[in-house]
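Secondary and tertiary structure notes
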Amino acid sequence: RVLFRSGGDRLGDARVITQAASSTETPRRSFWRRRVVDPITAQLTQGLTPERLALTVALGVAAGLFPVLGTTTLLCLALGTALRLNQPALQAVNYACTPLQLPFIFFALHTGHRVFGQGEISLNPATMLHEFWADPLQFTQAYGRLALQGIVVWAALALPLVAMTYRLTLPALRRAATLLPRSNS
């Protein structure tokens with residue numbers, strides 16, 4: 001590093017002072033550490049218990065898989081408010097589940113359609129788009145019913161998913177909590 005300091009003589013010459021780079025500079029942390037590990041660590045050090053954080057993660061996963069696009073953020077907001085959960089952690093888990101949501105939507109719709117047996121209906125996006133533009137009211141009736149069937153499938157799977165996620169994350173979060181330094185507050 002190079003620092004400039006004006007000299008003390010009357011000509012005002014600049015003296016160059018060279019300092020060695022500090023050997024205590026921290027190396028760049030990985031994306032995983034910055035985006036996943038550090039936020040969880042921050043939550044654990046701010047008084048959130050491992051049990052509450054595990055519940056937050058479990059509910060965030062279940063809500064993040066809700067089979068209606070564009071509704072998971074509001075669902076997480078409602079859950080977090082009602083249960084007094086940490087909203088940033090809940091939304092982070094919700095957004096982390098986004099790549100899983102679309103495949104789950106098709107799974108839930110297909111399973112709901114098979115269980116409730118609602119005539120012929122296409123899950124092909126091109127066909128769905130064509131049907132929407134051809135008759136929006138008929139589309140809303142057919143696919144609205146299908147969406148409700150998908151929600152029933154999600155509801156049947158949500159509780160076991162929450163329980164399983166909670167049981168899987170709790171031991172890791174408890175261990176992480178024991179490794180963190182305690183604050184003096």
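Residues numbered from 1 in each chain as written. Predicted model: local features only at pLDDT ≥ 70, side-chain atom pairs only at ≥ 80, totals over all residues. Heavy atoms only, no water.

**Regarding the confidence of the model for the protein chain**
Averaged over the protein chain, the pLDDT score is 83; the fraction of residues at 70 or greater is 79%. Between residues 1–6, whose pLDDT stays under 50, and residues either more than four places distant or in other chains, the model counts 17 contacts. In this model, residues 9–22 is a region of pLDDT below 50 whose contacts with residues beyond four sequence positions or in other chains number 21 contacts. (pLDDT = per-residue confidence, 0-100. Contact = heavy atoms within 4.5 Å.)

**So, the pattern of salt bridges**
Enumeration over the complete set of coordinates arrives at three salt bridges. Of the charged contacts, one joins Asp38 and Arg33 as a salt bridge, the two residues approaching to 3.6 Å between their closest N and O atoms. A salt bridge links Arg174 to Glu51, with the nearest nitrogen and oxygen atoms 3.0 Å apart. With a gap of 123 residues between them, Arg174 in helix α7 (residues 136–179) and Glu51 in helix α2 (residues 50–64) connect regions that are remote in the sequence. With relative accessibility at 42%, the residue Arg174 sits in the partly exposed group. By relative accessible area, Glu51 is classed as partly exposed at 30%. (Salt bridge = Lys/Arg side-chain N within 4 Å of Asp/Glu carboxyl O. Helix = DSSP H or I, 4+ residues; strand = E, 2+ residues; numbered from the N terminus. Buried < 20%, exposed > 50% of the residue type's maximum accessible area, 1.4 Å probe, protein only.)

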